[in-house]
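Each chain, letter by letter, is given below.
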Amino acid sequence: MASTLRLYLTCIRNTLEAAMCLQNFPCQEVERHNKPEVELKTSPELLLNPVLICRNEAEKCLIETSINSIRISLKVKQADELENILAKKFLRFLSMRAEAFQVLRRKPVQGYDISFLITNYHCEELQKQKLIDFIVQFMEDIDKEISELKMSVSTRGRLVATEFLKQF
Amino acid sequence: MASFERASPALKEILLRIYNAEKPIEVDYHLYEFGSVEYHIKSSVSEPQVTYLSISTPFLSQGVFLSYGLSPFTLKMVRQISTDVLHIVEPANDGYQLTLRLDFSKLPHNKESLKIITEVSSVQAVILSSQLKEMLQNVNSWDSSQGMYKPIKLIYHPKEPFYVIRQPQKIVAVFPMRFKDNSDVIIATSFFQELMDVVSLKKWAKVPPCNWSPIPPLELRGESFEDLSTDGGFVSFDISSHHVEGKRLDKTVWSLLNFYAYVKHHVKCTRGFIQRRMRRRLDNLVKVLEKSRVEDGQIKKVQGWRKMRKMVGSKSKMIKRRWGDLGKKIKRIRFRIKIHGFARFRRRWLTVPSFSSSTAYTKLQTNGNNN
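The structure presented is a predicted model; accordingly, all values stated were derived computationally and were not measured.

A. Structural context of empty space enclosed by the protein. Residue and element names in this part refer to chain A. The final tally for this structure, using the stated rule, is 2 cavities of 30 Å³ or more. Quantified by volume, the largest cavity comes out at close to 90 Å³. Every element with two or more residues in the lining of the largest cavity is listed here: helix 1 (2-19), strand 3 (69-75) and helix 6 (128-165). Taken together, the residues that form the lining of the largest cavity break down as 7 nonpolar, no polar and 5 charged. In this structure, the second largest cavity spans a volume of roughly 30 Å³. As for the second largest cavity, its lining consists of Lys77, Glu83, Asp143, Ile146 and Ser147. Top element by residues in the lining of the second largest cavity is helix 6. It accounts for 3 residues. Counted by class, the lining of the second largest cavity contains 1 nonpolar, 1 polar and 3 charged residues.

As structure tokens, this is what we get:
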């Protein structure tokens, strides 16, 4: 199980290292505008082929690249209803605080749970290798956090049930 | 463990204030709690040690008790709070089920007085729990057909009824669970599953067996659709005779009456816990991203609009440039205030000396007299 996760993350890391070669590119259609081309998708010559990396049916990562920006969308594993609501709550919590992360998108791409948008300006302010490390660690931390939350909720439920039954 | 107090905090505070008052005070308060419980507290200067307390509370089971008022068992439970201090006034005041006459002169002058006042403040809980105690001790079948006992619908909290069904050798208490939010349903369902797991352990063999199902149990078939439509399923407890023996009766009754509140409290606390953990994780993730920020010393690229540092060739040029900058600064600071006519004075007497450079030359003025 852990080995498939390692392979999945390594594949994503290698793809990001290859894809994150961004440069400044002003908008071709509107003067004095500079827009992330991966979001607009108006000029096909500026877009690269999107790469979809699937760990299994439930977990996948979509990497869309353009000349001046890259968009990474993640679908997180949700085994049961409890993991489903925990993942939904947590990722929505992070998305609502996207300004703290700078590279996080406020709304995920349709069909995915969370999305990042990295532009050439981010690559200038942040080191590329560490940015990739952050994305990979983010994915690991999300999985770990959801598992820990699920276990904590179950443990709390058990303790509360024990306390309730002590009254009888 | 969340403590659900039996005593009404507002009622207790008012009674303590009347008891601790240095001189007699005129009191006429109406208190409302939970939207349906009403208290009327009256104390007059003419009778300083006596306070009248009237209570109006909806009964647990409307169909059974409404026509009879409070049962003798309930009145007996109320008298047992304190036989010296508390007397039941008959008939009760208009609009109230029960009126009590409290004689504070009979209260002991020690910590016992606080305990008695607290028990008096819990009279509403005593009334409701006595009704359920009566049912659990000796349940009569109000309607039976084909050997099946009709479920009795009890309402402790508004819009949250539960059912008590008499069966051979046991009584089943069924709680239809409803929640506003889908995430609450899932957290509560996880709790019910843990509850069933714990009850199934040998250590907890003496507690009432508990069961959760998403569909209504067989005993409730025939009840109204409104009461049976839930999103959290049905939790049922099987109460046997040894769960209602002696002092255990009071604990069992209070636990059953507060089961809804207990579950809602647990769901609320779990949501708060999840929120705190998410916030902590957010802080950790942001710290990781901050580490990837490029330090100032690592800037290698120079952008067009930024100042470029030049390698200065000669020292004198550098000194001259710096002095020029300093001079301008001094002028700016000194000459912020404009005085009319001062400019000419400044130009004549306050000019900054200019250095002559060793490499510079003085241009000679040529005129017709030079040979």
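Now, onward.
B. Seen up close, helix 1 of chain A. All names here are of chain A. Helix length check: helix 1, at 18 residues, gives a terminal C-alpha distance of 26 Å against a target of 26 Å (1.5 Å per residue), a fit within 8%. Within helix 1, burial applies to Tyr8, Leu9, Ile12, Thr15, Leu16 and Ala19. Within helix 1, the buried residues cover an arc of 125° as seen down the axis, which keeps them to one side. Away from the buried face of helix 1 by more than 90 degrees, exposed residues Ala2, Leu7 and Ala18 are located. In this structure, the buried residues of helix 1 make contact with strand 1 (51-54), strand 2 (60-65), strand 3 and helix 6.

C. Layout of the nonpolar core. Ile72(A), Leu94(A), Phe101(A), Leu132(B), Phe175(B), Phe237(B) and Phe259(B) are the most contacted members of the largest nonpolar core, which totals 96 residues. Per element, the largest residue contribution to this core is 15 residues, and it comes from helix 6 of chain A. Here this core spans two domains, and each of domain 1 (9-137) and domain 2 (151-266) of chain B adds at least three residues to it. Contact partners of Phe175(B), with chain neighbours within four places excluded, come to Phe162(B), Gly233(B), Phe234(B), Val235(B), Phe237(B), Leu256(B), Phe259(B) and Tyr260(B). Grouped together as the second largest cluster of nonpolar side chains are 32 residues, Ile55(B), Leu75(B), Phe104(B) and Val126(B) included.

D. Local environment of the environment of His40(B). All names here are of chain B. Examined against the element boundaries, His40 turns out to sit in strand 2 (residues 37-43). Given a relative accessible area of 12%, His40 falls into the buried group. For the pair formed by His40 and Tyr96, sequence separation is 56 residues and the distance between their alpha carbons is 8.8 Å. Among the polar contacts listed, one links the side chain of His40 to the side chain of Asp28, at a separation of 2.5 Å.

E. Summary view of the pattern of salt bridges. Scanning all chains against the criterion turns up 27 salt bridges over all chains. With a closest N to O distance of 2.9 Å, Glu39(A) and Arg105(A) form a salt bridge. With Glu39(A) in helix 2 (residues 37-40) and Arg105(A) in the loop between helix 4 (98-101) and strand 4 (114-119), this pair connects stretches of sequence that are 66 residues apart. Judged by relative accessible area, which is 26%, Glu39(A) ranks as partly exposed. In this structure, Arg158(A) engages Asp197(B) in a salt bridge whose closest nitrogen and oxygen atoms are separated by 3.9 Å. Of this pair, Arg158(A) sits in helix 6 while Asp197(B) sits in helix 6 (residues 182-199), on two different chains. Residue Arg158(A) is classed as partly exposed on the basis of its relative accessible area of 34%. Overlapping salt bridges, with partners in common, bring together Glu39(A), Lys41(A), Glu64(A), Arg71(A) and Arg105(A) in one network.

F. Layout of the packing of aromatic side chains. Summed over the entire model, instances satisfying the criterion amount to 18 aromatic pairs over all chains. Note on Phe164(A) and Tyr262(B): the rings are 5.1 Å apart at their centroids and 40° apart in plane angle, and the pair reads as tilted. Residue Phe164(A) is found in helix 6, and its partner Tyr262(B) is found in helix 9 (residues 259-291); the two belong to separate chains. Exposure class is identical for Phe164(A) and Tyr262(B). Each is buried.

G. Fine view of the sheet that holds strand 9 (residues 160-167) of chain B. Residues and elements named next belong to chain B. Taken together, 5 strands build an open sheet; the order of strands is 8-9-10-12-11 and the sheet is antiparallel. The strands lining the two open edges of the sheet, one partner per strand, are strand 8 (152-157) and strand 11 (210-213). Each neighbouring strand pair of the sheet contributes to a mean axis angle of 25°, computed without reference to strand direction. Bridge count for strand 9 against strand 10 (residues 170-176) is 5 bridges, and the pairing is antiparallel. The residue of strand 10 that forms the bridge with Tyr163 is Val174. Where helix 5 (residues 123-137) meets the sheet, its contacts fall on strand 8, strand 9 and strand 10, and the angle it forms with strand 8 comes to roughly 155°.

H. The interface of chain A and chain B, seen in detail. Each partner contributes to the interface: chain A provides 41 residues, whereas chain B provides 45 residues. Contact with chain B buries surface across chain A, with Phe164(A), Leu165(A) and Phe168(A) losing the most and accounting together for 17% of the total. Where chain A touches chain B, the interface holds 7 salt bridges. Here Arg277(B) ties to Glu145(A) by a salt bridge, and the two come within 3.2 Å at their closest N and O atoms. The interface formed by chain A and chain B holds 6 residue pairs in polar contact (both at pLDDT 80 or more) in total. Contributing elements (two or more residues each) for the side of chain A that touches chain B: helix 3 (81-96), helix 4, helix 5 (120-125) and helix 6 of chain A. Residue contributions to the side of chain A that touches chain B peak at 22 residues, all from helix 6 of chain A. Partitioned by chemical class, the residues of the side of chain A that touches chain B number 19 nonpolar, 8 polar and 14 charged.

I. How the structure looks around the domain arrangement of chain B. Residue and element names in this part refer to chain B. Assigned domains within chain B: domain 1 (9-137) and domain 2 (151-266). Residue-level contacts link 12 residues of domain 1 with 16 residues of domain 2. Summed over both partners, the interface of domain 1 with domain 2 buries about 1,400 Å², with 80% contributed by carbon and sulfur atoms. Taken together, domain 1 and domain 2 are joined by 1 salt bridge. When the shortest N-O distance is used, the salt bridge between Lys133 and Asp250 registers 3.0 Å. For the pair domain 1 and domain 2, the interface holds 1 residue pair in polar contact (both at pLDDT 80 or more). The residue makeup of the side of domain 1 that touches domain 2, split by class, is 8 nonpolar, 3 polar and 1 charged.

Rules used in this analysis
Residues numbered from 1 in each chain as written. Chains lettered and ligands numbered in written order. Predicted model: local features only at pLDDT ≥ 70, side-chain atom pairs only at ≥ 80, totals over all residues. Heavy atoms only, no water. 1 Å grid on protein atoms, 1.4 Å probe; cavity = no way out; pocket = protein on both sides within 12 Å on 5 of 7 lines; lining within 4 Å. Points joined across faces, edges and corners; volume = space filled by probe spheres on them. Helix = DSSP H or I, 4+ residues; strand = E, 2+ residues; numbered from the N terminus. Nonpolar A, V, L, I, M, F, W, Y, C, P; charged D, E, K, R; others polar. Expected span 1.5 Å × (residues − 1). Buried < 20%, exposed > 50% of the residue type's maximum accessible area, 1.4 Å probe, protein only. Arc of directions from axis to C-beta. Contact = heavy atoms within 4.5 Å. Core = buried A, V, L, I, M, F, W, Y, C linked by side-chain atoms within 4.5 Å. Domains from an automatic or database assignment. Polar contact = N/O pair within 3.5 Å; in protein donor to acceptor, adjacent residues only side chain to side chain. Salt bridge = Lys/Arg side-chain N within 4 Å of Asp/Glu carboxyl O. Phe/Tyr/Trp six-rings, centres within 6.5 Å; stacked < 30°, edge-to-face > 60°. Pairing = 2+ DSSP bridges. Axes fitted to C-alpha atoms, helices over the stretch in contact; angles between N-to-C directions. Buried area = accessible area lost by both parts, 1.4 Å probe.

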